[in-house]
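# Topology and contacts: notes
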Amino acid sequence: MTQADILIYIAGALAVVSAAGVVMSSQPIYSALSLVGNMVSLAVLFLLLNAQFLAAVQVIVYAGAVMVLFVFIIALLSPGREDSPLRDRRALIGGAAIVYVTVQIFVLATNGTTYKKGLPTATCATIREAVPAYRLIQAGQPASCNPFPLHGNENAVPIAQANNSAAGLNGVLFFPDDVNRVGNVQVTGGQLFTTFVLPFEITSLLLLVAAVGAVYLTRRSPGRERAEQARASRRPPLPAPAGESLGPGVAASPKAPAATGEPESA
Amino acid sequence: MIADLAHFSIGPDYWWVVLIKGVIVLGFLATAAAYLTLAERKVSAHIQLRIGPNRVGPFGLLQPAADAVKLLFKENTAPAGRDKLLFWLAPALMAGAAILAYAVIPLSGTTNVNGYALHWNMAHVNVALLYVLAITALGVYAIFLGGWAANNKYSLLGALRSSAQLISYEMAVAFALIGVVILAHSLDLEEIVNAQQHAWFIVMQPLAGLLYFVGALAETNRLPFDLPEAETELIAGYHTEYSSMRFGFYFLGEYVNMVTVCSLATALFLGGWLPLIPWIHSDWLGGLVGVMWFLGKASILLFLMMWIRWTLPRLRYDRLMNLGWKVLLPLGLLNIVITGSVVAARAAS
């Protein structure tokens with residue numbers, strides 16, 4: 001057993017335990033934190049699969065941005081304890097059934113996969129030729145697969161652009177050593193913008209729709225705002241509540257973006 | 001050539017080499033944090049026409065040791081209504097995240113030691129820049145959970161301010177860094193430094209450098225942006241209820257974060273270990289000289305941070321948010337557009 005094997009078991013166990021923690025914690029904040037733990041364990045698994053870029057992005061986007069907002073809201077609303085779902089017989093049976101079916105599907109799916117052993121492996125040359133981003137090679141550095149020459153290196157010569165950009169990589173296996181030598185981001189980016197460009201663009205369109213929807217929901221319509229202003233002007237102004245002020249500096253001016261208002265823009 | 005060497009040894013390193021490097025980095029960071037507190041007090045004293053600590057040891061040089069002993073032996077108080085687990089976990093997370101981030105920062109160029117490629121960082125990661133951003137993003141939890149778990153309204157307010165501030169400025173910092181990545185064609189910090197052989201990126205990316213430094217001040221909760229712990233209104237914010245070594249961990253985390261941020265700025269904008277006075281080096285001695293150059297540049301930035309802290313007043317909270325979202329973020333986007341267009345135009349011609 002190598003170091004990587006041991007780490008895979010540790011990270012996998014942590015991922016399962018923290019995933020269980022998400023559904024079984026009685027306090028919502030512990031559920032959210034378990035989810036953070038789960039995401040970080042998954043990032044470790046990605047790392048062990050040589051997907052360093054994916055691991056870093058997983059931590060930045062999910063653990064660092066999305067879950068911070070969840071924890072933020074939970075801590076602000078401070079909801080009370082919840083009953084553990086384990087007490088609910090029906091939830092337990094339903095959950096177990098779903099887990100069983102998922103595991104079965106997963107096993108079936110992996111059994112059906114045949115690893116394409118006979119296909120050519122992606123060498124430096126094939127990657128460089130196939131991914132349009134690697135148009136430059138550094139002369140005199142044949143062993144290295146660094147696609148981009150150092151800055152100001154006069155030996156850098158552009159080679160002809162690969163005429164068959166996407167098709168060249170179809171069915172080619174990426175081996176971790178090659179990917180590492182080329183650069184994780186470069187390979188991922190190259191694949192995203194060639195082989196997987198359609199799913200990639202559709203996903204971004206989906207996110208755009210979600211963003212527009214969120215803006216629409218939070219924005220007041222001008223008509224409603226005018227009506228509210230008219231109603232407010234008819235009402236006499238409220239007297240300032242005595243002794244309610246939080247003290248100088250603590251409560252920001254009404255124009256200041258409240259801390260809870262930030263998540264939308266983030 | 002050093003740059004050629006950098007490519008053949010990505011992958012598993014000897015575990016004992018990594019262990020030795022880890023011990024050295026940990027020791028270095030702990031010492032640096034301790035002496036930064038002394039430096040901070042000395043600098044503040046000189047700015048305010050005082051002398052500063054001078055009783056323990058020559059020129060007060062043993063003051064950090066005295067402070068450490070004091071922190072260790074103080075009573076470890078804890079508020080009654082706290083969340084026990086999180087109150088204990090948060091300071092450890094703060095120090096841990098701060099130290100982890102330093103693992104990928106290359107203090108010098110890869111050196112050839114009898115055919116073995118010696119990297120001057122703990123882990124030679126392909127996406128080092130993203131790794132640092134990811135680990136710093138986790139640091140938000142330490143501050144937020146610490147403030148929340150203490151069950152104190154000042155702590156909670158400090159924690160809320162801090163989280164909002166960190167999330168806002170993280171965006172600006174990330175946008176500022178993209179310009180550098182476009183120019184260097186890499187997220188590998190070592191390659192980014194090597195790309196500055198001819199001109200430091202502060203020359204080509206002055207706007208990004210400025211944005212990064214301002215964002216870094218906010219991310220480390222340093223003074224124009226130290227709203228989360230504003231002592232006059234929040235009595236130290238998120239760590240009000242922490243005492244003894246738990247407070248020490250927050251303190252350590254904060255100063256280690258300063259070192260990390262300044263080291264990252266050195267690697268990204270000030271040419272890292274590249275010397276001002278050219279001296280070709282490829283053996284381990286040359287590597288050590290590179291470390292000296294790196295730490296020298298980082299120290300200048302650290303001094304700048306202290307200088308700013310003791311001369312500028314604190315921003316108001318709404319102004320802080322306005323600066324982050326309405327000034328830094330658009331400027332960062334502008335920088336990306338300009339850099340991208342110039343690079344694309346030059347590639348096309």
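Here the structure is shown first, and the text comes after it.
Residues take numbers from 1 onward in each chain, read along the sequence in its written order. As they are written, the chains are lettered A onward and the ligands numbered 1 onward, keeping that order. Selection of residues for local features in this predicted model requires a pLDDT of at least 70, selection of side-chain atom pairs for listing and counting requires 80 or more, and totals for whole chains, interfaces and linings are taken over all residues. To obtain the side-chain values, all non-hydrogen atoms of the structure were used and water was disregarded.

### Overview of the overall build of chain B
Secondary structure elements are taken from DSSP: a helix is a run of H or I of four residues or more, a strand is a run of E of two residues or more, and numbering for both begins at the N terminus. From N to C terminus, chain B includes 13 helices and 2 strands. Once the C-alpha set of chain B is aligned to its principal axes, its extents read approximately 65 × 45 × 45 Å. Think of it in three bands: residues with accessible area under 20% of the maximum for their type are buried, residues over 50% are exposed, and the middle band is partly exposed, with areas taken using a 1.4 Å probe on protein chains only. Within the span of chain B, comprising 349 residues, buried residues form 54% of the whole. In chain B, 78% of the contacts between residues at least 6 apart in sequence involve partners at least 24 apart. Reported accessibility uses the Shrake-Rupley method at a 1.4 Å probe radius. Residues are deemed covered only where the shown protein chains occlude them. As displayed, chain B has an accessible area near 15200 Å², and 72% of this comes from carbon and sulfur atoms. Side-chain charges in chain B split into 20 positive and 19 negative, and the spacing between the mean points of these groups amounts to 10 Å. Any two residues whose heavy atoms approach within 4.5 Å are treated as being in contact. The positive count covers Lys and Arg only, the negative count covers Asp and Glu only, and His and the chain ends enter neither. Here the site of a charge means atom NZ of a Lys, CZ of an Arg, CG of an Asp or CD of a Glu.

### Regarding the overall build of chain A
The helix and strand inventory of chain A stands at 10 helices and 2 strands. Reading chain A from its N end, one meets helices and strands in the order α-α-α-α-α-β-β-α-α-α-α-α. Sequence separation of 24 or more characterises 60% of the internal contacts of chain A that already satisfy a separation of 6 or more. For chain A, the accessible area works out to roughly 17800 Å², and carbon and sulfur atoms hold 67% of it.

### Comments concerning empty space enclosed by the protein
Residues and elements named next belong to chain B. Points on a 1 Å grid, built from protein atoms alone, make a cavity when a 1.4 Å probe fits but cannot get out and make a pocket when they are open with protein on both sides within 12 Å along at least 5 of 7 lines; residues with an atom within 4 Å of a point are the lining residues. Grid points are joined across faces, edges and corners, and a volume is the space filled by probe spheres set on the points. In total, this model carries 4 cavities of 30 Å³ or more according to the counting rule given. Put simply, the largest cavity is a space of about 180 Å³. As for the largest cavity, its lining consists of 16 residues, of which Thr136, Gly139, Leu166, Glu219 and Asn257 are closest to the centre. Elements supplying a minimum of two residues to the lining of the largest cavity: helix 4 (84-101), helix 5 (128-149) and helix 11 (244-269). Classification used: nonpolar for Ala, Val, Leu, Ile, Met, Phe, Trp, Tyr, Cys and Pro, charged for Asp, Glu, Lys and Arg, polar for all others including Gly. A breakdown of the residues in the lining of the largest cavity according to their chemical character gives 9 nonpolar, 5 polar and 2 charged. As a volume, the second largest cavity reaches approximately 90 Å³. Along its surface, the second largest cavity is lined by Val132, Leu133, Thr136, Val173, Tyr212, Ala216, Glu219, Asn257, Thr260, Val261 and Leu264. Elements that contribute at least two residues to the lining of the second largest cavity include exactly helix 5, helix 9 (206-219) and helix 11. Element by element, the count of residues in the lining of the second largest cavity is highest for helix 11, at 4 residues. Tallied by class, the residues present in the lining of the second largest cavity amount to 7 nonpolar, 3 polar and 1 charged.

### Thoughts on unusual backbone geometry
Residue and element names in this part refer to chain B. Backbone geometry at leucine 49 places phi at a positive 55°, although glycine is not the residue there. Positive phi is not limited to glycine here, since histidine 185 has a value of about 60°. With respect to the element layout, histidine 185 can be found in the loop between helix 6 (153-184) and helix 7 (189-194).

### Focus on the nonpolar core
By size, the foremost hydrophobic cluster in this structure holds 74 residues, and its most contacted members are B:Leu189, B:Tyr212 and B:Leu268. When residues in this core are grouped by element, the largest group, 11 residues, is from helix 11 of chain B. Discounting residues that sit within four places of it in the chain, B:Leu189 has contacts with B:Val104, B:Ile105, B:Pro106, B:Ala128, B:Leu129, B:Leu264 and B:Leu268. We call a set of buried Ala, Val, Leu, Ile, Met, Phe, Trp, Tyr and Cys residues a nonpolar core when their side-chain atoms join them within 4.5 Å. Grouped together as the second largest cluster of nonpolar side chains are 39 residues, A:Ile29, A:Ala43, B:Ala90 and B:Ala159 included.

### Notes on the packing of helix 2 (residues 15-47) of chain B against helix 11 of chain B
A pair of packed helices is captured by two measures, namely the crossing angle of their axes and the spacing between those axes. Residue and element names in this part refer to chain B. In this description, a line fitted to the C-alpha atoms serves as the axis of each element, helices being fitted only across the stretch in contact, and the angle between N-to-C directions of two axes falls anywhere from 0 to 180 degrees. At a minimum axis separation of 9 Å, helix 2 and helix 11 run at an interaxial angle of 95°. Looking at the two axes, helix 2 sits roughly perpendicular to helix 11. Only Phe251, Leu252, Tyr255, Val256 and Val259 of helix 11 make contact with helix 2, whose side of the interface consists of Leu29, Ala30, Ala32, Ala33, Leu36, Thr37 and Glu40. Looking at the contact of helix 2 with helix 11 residue by residue, the class counts come to 10 nonpolar, 1 polar and 1 charged. An angle below 35 degrees is read as roughly parallel, one above 145 as roughly antiparallel, one from 65 to 115 as roughly perpendicular, and any other as oblique.

### Points about the side chain of B:Thr339
All names here are of chain B. Tracing the chain through its elements places threonine 339 in helix 13 (residues 317-348). On the accessibility criterion, threonine 339 (7% relative accessible area) is buried. Polar side-chain contacts of threonine 339 include one of 2.6 Å to the backbone oxygen of asparagine 335. Two N or O atoms form a polar contact when they lie within 3.5 Å of each other; inside protein one atom must be a possible hydrogen donor and the other a possible acceptor, and for residues adjacent in sequence the pair counts only when both atoms belong to side chains.

### Digging into helix 6 of chain B
Working note: α-helix, 3.6 residues per turn, so residues spaced by three or four point in the same direction. Residue and element names in this part refer to chain B. For a helix, the expected span equals 1.5 Å multiplied by the residue count minus one. Taking 1.5 Å per residue as the helical rise, helix 6 with its 32 residues ought to reach 46 Å, and the 46 Å between its terminal C-alpha atoms agrees with that figure. At the N-terminal end of helix 6, a side-chain oxygen is found 2.7 Å from the backbone nitrogen of tyrosine 154, two or three residues along, and the residue is asparagine 152. After helix 6 finishes, the residue histidine 185 shows a positive phi value of roughly 60°.

### Regarding the environment of B:Ala97
Residue and element names in this part refer to chain B. You can see alanine 97 is positioned in helix 4. The exposure class assigned to alanine 97 is buried, which follows from its relative accessible area of 11%. Sequence separation between alanine 97 and arginine 316 is 219 residues, and the spatial gap between their C-alpha atoms is 28 Å. When near neighbours in sequence (up to four residues on either side) are disregarded, alanine 97 contacts Ile135 and Gly139.

### Notes on a nonpolar patch on the surface
Residues enter patches when their relative accessible area tops 30% and they take part in no salt bridge; the joining distance is 9 Å for like charges and 5 Å for the nonpolar side chains Val, Leu, Ile, Met, Phe, Trp and Tyr. When a carboxyl oxygen of Asp or Glu lies within 4 Å of a side-chain nitrogen of Lys or Arg, that pair is called a salt bridge. A contiguous nonpolar surface patch, about 810 Å² in accessible area, is contributed by B:Tyr14, B:Trp15, B:Trp16, B:Leu19, B:Ile20, B:Val23 and B:Ile24. With respect to the secondary-structure elements, B:Ile20 resides in helix 2.

### As for helix 9 of chain B
Residues and elements named next belong to chain B. For helix 9, which comprises 14 residues, the first-to-last C-alpha distance of 20 Å matches the rise-based estimate of 20 Å (1.5 Å per residue) to within 8%. A large share of helix 9 lies buried, amounting to 11 of its 14 residues. Turning to helix 9, its buried residues are Ala208, Gly209, Leu211, Tyr212, Phe213, Val214, Gly215, Ala216, Leu217, Ala218 and Glu219. Packed against the buried residues of helix 9 are helix 6, helix 8 (201-204), helix 11, helix 12 (284-311) and helix 13. Among the residues trailing helix 9, asparagine 221 stands out with phi positive, at a value near 55°.

### Comments concerning the environment of B:Phe303
Within the secondary structure, B:Phe303 is located in helix 12. Each C-alpha atom, one on B:Phe303 and one on B:Val43, is 8.3 Å from the other, the two residues being 260 residues apart in sequence.

### With respect to the pattern of salt bridges
Residues and elements named next belong to chain B. Taken as a whole and assessed by the stated rule, the structure comprises 3 salt bridges over all chains. Ionic pairing is found between aspartate 67 and arginine 41, a salt bridge with its closest N-O pair at 3.2 Å. Linking aspartate 67 in helix 3 (residues 63-73) with arginine 41 in helix 2, this pair joins segments that are 26 residues apart in sequence. Since its relative accessible area comes to 22%, aspartate 67 is described here as partly exposed. For arginine 316, the salt bridge goes to aspartate 318, with nearest N and O atoms at 2.8 Å.

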